[in-house]
Amino acid sequence: MVKQMDLSVDFCGVTLKNPITTASGTFGFGHEYAEFFDLSVLGGVSVKGLTPAPRMGNPPPRIAETPLGILNCVGLENPGIDRFIAEEIPFLRQYDTALIANVSGNTVEEYCGMVEKISDADVDLIEMNISCPNVKCGGMAFGTQPQMVTEVVSAAKRLAKKPLIVKLSPNVTDIAEIARAAVDAGADALSLINTLLGMHIDVETRKPVLSNIMGGLSGPAVLPVAVRMVYQVRQAVSVPILGMGGIRTGKDVVEMLLAGADAVAVGTATLADPWASVRALEELKIFMKEHGIGSVRELSGAVEVAVSI
Amino acid sequence: MQIPHPCAVAVVEPLNQNIYSMVVSAPHLATELQPGQFVDIKCGDSNLLRRPISVCDCGEGKMRFVFQQKGRGTIWLARRKTGDRLDVLGPLGHGFDLSKAGSRPFFIGGGIGVPPMLYAMKRAAGGEVQPTAILGFRNHLSVILEKEFTESCETVVMTDDGSYGRQGTVADALLERIAEATAIYCCGPRPMLKAVAAIALEKRVFCQVSLEERMGCGVGACLVCACALRDEKNGATRYGHVCKDGPVFSAEEVQW
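Residues numbered from 1 in each chain as written. Chains lettered and ligands numbered in written order. Predicted model: local features only at pLDDT ≥ 70, side-chain atom pairs only at ≥ 80, totals over all residues. Heavy atoms only, no water.

## Side note on the sheet that holds strand β5 (residues 63–66) of chain A
Residues and elements named next belong to chain A. Applicable threshold: Criterion used throughout: strands pair if DSSP finds at least two bridges between them. Secondary structure elements follow DSSP: runs of H or I no shorter than four residues count as helices, runs of E no shorter than two count as strands, and numbering proceeds from the N terminus. To get an axis, fit a line to the C-alpha atoms, keeping to the stretch in contact for a helix; angles then go from 0 to 180 degrees between the N-to-C directions.
Within the open sheet, the four strands sit side by side as β5-β6-β14-β11. Their pairing is antiparallel. Two strands in the sheet have a free side with no partner beyond their single neighbour: β5 and β11 (196–199). Within this sheet the neighbouring strands show an average axis-to-axis angle of 40 degrees, counted without direction. Relative to strand β14 (residues 214–218), strand β6 (residues 69–72) runs antiparallel, the two being bridged by three bridges. Looking at β14, one finds that leucine 71 is bridged to leucine 217.

Below, the structure is given as structure tokens:
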């Protein structure tokens, strides 16, 4: 008899039907991709980063293509948390998938206000973005210094009534130190990596391609960096990890899980192929079948390293 | 529900030094595509993002697009051969509203903005509707699609240096004829769009323009292709997104 393959994962008390989610900022609020597939096939959806008030974002151009990657400087364009709660949650709740609200702020107080407000809304998980490279205040500034991480996470955690995921920036010297600071301050889980700060110059005009000069690098180009950082964070802390950064295929998913992630997010790959997350899920199933893996949970952190760093 | 469209390349041919015409078989897309909409084409494995390409003509299960070979993606595209398969998403975006064309619509294109105007003009033409096309190019070497336009409508060709057609801009030609125009549809470089929009606004003629911006997803999720629009209620600037809200916008709502 063939045993049923178990794809479900427990992510700080929330059951994801499979480990595939969408990365914040690459999936809007789901409307667009609901035209391409049934969102209920996904383990979860993390929505576009939300702020207390609506934000226009940065002027165009906001994107540049780089070798197997993209740079973006959208700058957290979003309709604000109130409209998200009123208009977007009801839409997303039509689908049987975990809802992850990604929230940002300019100050500790704003983060706290966001976490407090979203806690009372119908979402499953809160993802606190302390790593956006494209905003002047807040964002990455919070995620690159351990004492700032401690301050903002511990303050927010006191108000969180839903599991709190803290999204980390890769633009740091020691990701393990940041991860420990977040967990010590009360983070229920970590998600990483946000984008790597990058820059692209048009050699004909000698000008930066992006309006904001610099932007966040994502896409297949960053996968090895993401895998490395997830691996390092797995060694440092024991909370669940949502691994992301350059995932495109089922094998990329497996790699991220082996490095230590409990679930993953597909991001930039969706921009190139709307069905990328669905395809990655199908490929993951094929991999598990071919390798006789009964539960996806067996893969988490199962990398075999002769000498641990 | 959107579905993947594997399209077989029928014909690829250069129209001049760096502009190519490609006809692909696209049974579903050809019946669904509205003028001014675009498709998003995967250009090989080493180019991550798809390339948004506007449709130049459509019908009988085939779709034609004319594109400029500019970067790695379009170079890859230009090298396709008959029988090759393309991975195409579409139809995407909002196209031209031809219900407002009236009896004498003007279709204005500049440079690589000329191709999408062909399909729009052809869809509008017929019966009481007699379109006029005004096409602008840098010089005689860059003139494309003139024959296709003249087959279906009165066509005025302008070149910057006067080496072909008449010397001057499309705006010069439009000004001479504006009294006749019942509607204006336009695609081309931004300064050209701005000049045409200014004439249309002054003379109170219905005018739609097709905008361009660097795109990511092409479907409205990633928000990178922002364009400044004027808020209808208070006149403040707000961002629309070229891929989903456009690429066709009312000339009045664009923040020039």
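Okay, back to it.
## With respect to the interface of chain B and chain A
Threshold: Residue contacts are defined here by distance: any two heavy atoms, one from each residue, within 4.5 Å place the two residues in contact. By buried area we mean how much accessible surface two parts lose on assembly, using a 1.4 Å probe and totalling the loss over both. Salt bridge, as used here, is a side-chain nitrogen of Lys or Arg placed within 4 Å of a carboxyl oxygen of Asp or Glu. Gly is placed with the polar residues, together with every amino acid not listed as nonpolar (Ala, Val, Leu, Ile, Met, Phe, Trp, Tyr, Cys and Pro) or charged (Asp, Glu, Lys and Arg).
Each partner contributes residues to the interface: chain B has 30 residues there, and chain A has 37 residues. Carbon and sulfur atoms supply 64% of the area buried between chain B and chain A, which totals about 2,700 Å² over both sides. The three residues of chain B that bury the most area against chain A are Leu48, Arg214 and Tyr239 of chain B, which together make up 25% of that side's buried surface. Scanning the region where chain B abuts chain A turns up three salt bridges. Of the charged contacts in the structure, one is a salt bridge between glutamate 65 of chain A and arginine 72 of chain B, with a shortest N-O distance of 3.9 Å. Take the side of chain B that touches chain A: its biggest share by element is four residues, from strand β15 (residues 237–241) of chain B. Among the residues forming the side of chain B that touches chain A, the class breakdown is 15 nonpolar, seven polar and eight charged.

## What to know about the state of the cysteines
Residues and elements named next belong to chain B. This is how the line gets drawn: Only a pair of cysteine sulfur atoms within 2.5 Å counts as a disulfide in this structure description. Remark: exposure states derive from per-residue accessible area (1.4 Å probe, protein chains only) relative to the maximum for the residue type, with buried under 20%, exposed over 50%, and partly exposed in between.
Within the structure shown, the criterion is met by zero disulfides over all chains. Of the cysteine sulfurs around cysteine 58, a residue in no disulfide, the closest is that of cysteine 56, at 9.9 Å. Taking the relative accessible area as the measure of exposure, cysteine 58 reaches 16% and is therefore buried. Not engaged in a disulfide, the cysteine cysteine 225 finds its nearest cysteine sulfur in cysteine 243; these two sulfurs lie 3.7 Å apart.

## Looking at the pattern of salt bridges
The full count for this structure, using the stated rule, is 27 salt bridges over all chains. For arginine 93 of chain A, the salt bridge goes to aspartate 122 of chain A, with nearest N and O atoms at 3.1 Å. You can see arginine 93 of chain A sitting in the loop between α2 (81–92) and β7 (98–103) and its partner aspartate 122 of chain A sitting in the loop between α3 (108–119) and β8 (125–129), a full 29 residues away along the chain. Taking relative accessible area as the criterion, arginine 93 of chain A reaches 25% and is therefore assigned partly exposed. Where arginine 64 of chain B meets glutamate 148 of chain B, a salt bridge forms, and the shortest distance between an N and an O atom there is 2.9 Å. Of this pair, arginine 64 of chain B sits in strand β6 (residues 62–68) while glutamate 148 of chain B sits in helix α4 (residues 146–152), and the two are 84 residues apart along the sequence. Counted as one network, the salt bridges with shared partners bring together Arg104, Glu154, Arg177 and Glu180 of chain B.

## Examining the side chain of serine 40 of chain A
All names here are of chain A. In this structure, serine 40 sits in the loop between α1 (31–34) and β4 (44–46). Overall, the relative accessible area of 15% leaves serine 40 in the buried class. Among residues more than four places away in sequence, those in contact with serine 40 are Lys17, Tyr95 and Asp96.

## Quick look at the packing of α2 of chain A against α3 of chain A
All names here are of chain A. Applied cut-off: Under this scheme an angle from 65 to 115 degrees is roughly perpendicular, one under 35 degrees roughly parallel, and one over 145 degrees roughly antiparallel; angles in between are oblique. By convention, the crossing between two helices is left-handed when the near helix turns anticlockwise from the far helix through less than a right angle, and right-handed when the turn is clockwise.
Relative orientation of the contacting elements α2 and α3 amounts to 15 degrees, with a least axis distance of 11 Å. Classified by the interaxial angle, the pair formed by α2 and α3 is roughly parallel. The handedness of the crossing between α2 and α3 is right-handed. For the pair formed by α2 and α3, the contact residues are Ile81, Asp82, Phe84 and Ile85 on the first element and Met114, Lys117 and Ile118 on the second. A breakdown of the residues in the contact of α2 with α3 according to their chemical character gives five nonpolar, no polar and two charged.

## Focus: the packing of aromatic side chains
Selection criterion: Aromatic pairing here means that ring centres of Phe, Tyr or Trp (its six-membered ring) are within 6.5 Å. Orientation follows from the plane angle: under 30 degrees is stacked, over 60 is edge-to-face, and everything else is tilted. Look at NZ for Lys and CZ for Arg. If either is within 6 Å of the ring centre and within 35 degrees of the ring normal, a charge sits over the ring.
Going through the model one piece at a time under the given rule, you end up with 12 aromatic pairs over all chains. With 5.5 Å between their ring centres and 40 degrees between their planes, phenylalanine 29 of chain A and phenylalanine 84 of chain A make a pair best called tilted. With phenylalanine 29 of chain A in the loop between β3 (20–22) and α1 and phenylalanine 84 of chain A in helix α2, this residue pair connects regions lying 55 residues apart in the sequence. For the pair phenylalanine 29 of chain A and phenylalanine 84 of chain A, one class covers both residues: buried. Here tyrosine 20 of chain B and phenylalanine 67 of chain B contribute two aromatic rings whose centre-to-centre distance is 6.1 Å and whose plane-to-plane angle is 20 degrees, an arrangement assigned as stacked. Here tyrosine 20 of chain B, found in strand β2 (residues 19–25), pairs with phenylalanine 67 of chain B, found in strand β6; they are 47 residues apart in sequence, far enough to count as distant. Phenylalanine 67 of chain B matches tyrosine 20 of chain B in its accessibility class, with the two residues each being buried. Its guanidinium or amino end placed over the ring of tryptophan 76 of chain B, arginine 80 of chain B lies 3.7 Å from that ring's centre, counting from NZ or CZ.

## Some words on unusual backbone geometry
The omega torsion across proline 60 of chain A and proline 61 of chain A is -5 degrees, close enough to zero to call that bond cis. By secondary structure assignment, the location of proline 61 of chain A is in the loop between β4 and β5. For the bond running from glycine 246 of chain B to proline 247 of chain B, omega is 5 degrees, close enough to zero to count as cis. Residue position: proline 247 of chain B is located in the loop between β15 and β16 (248–250). Within the chain, isoleucine 213 of chain A stands out as a residue other than glycine whose phi angle is a positive 70 degrees. Examined against the element boundaries, isoleucine 213 of chain A turns out to sit in the loop between β13 (207–208) and β14.

## Quick notes on the layout of surface pockets
Where we set the bar: Within this scheme a cavity is a closed region of a 1 Å grid, computed over the protein atoms alone, that accommodates a 1.4 Å probe without allowing it to escape, whereas a pocket is open but has protein on both sides within 12 Å along at least five of seven lines; lining residues each have an atom within 4 Å of a point. Grid points are joined across faces, edges and corners, and a volume is the space filled by probe spheres set on the points.
Size it by volume and the second largest pocket reaches roughly 850 Å³. Along its surface, the second largest pocket is lined by 27 residues, and Glu77, Pro79 and Arg83 of chain A together with Tyr239 and His241 of chain B are the ones closest to its centre. Broken down by element, the lining of the second largest pocket gets its largest block of residues, five residues, from β15 of chain B. Its residues assigned to classes, the lining of the second largest pocket comprises nine nonpolar, seven polar and 11 charged.

## Observations regarding empty space enclosed by the protein
Residues and elements named next belong to chain A. Scanning the entire structure with this criterion turns up one cavity of 30 Å³ or more. A volume near 470 Å³ is recorded for the largest cavity. Around the largest cavity sit 34 residues that line it, and Ser24, Thr26, Asn72, Asn194 and Thr195 are the ones nearest its centre. Of all the elements in the fold, those that place two or more residues in the lining of the largest cavity are β6, β14 and α9 (268–272). Within the lining of the largest cavity, the residues separate by chemical class into 15 nonpolar, 17 polar and two charged.

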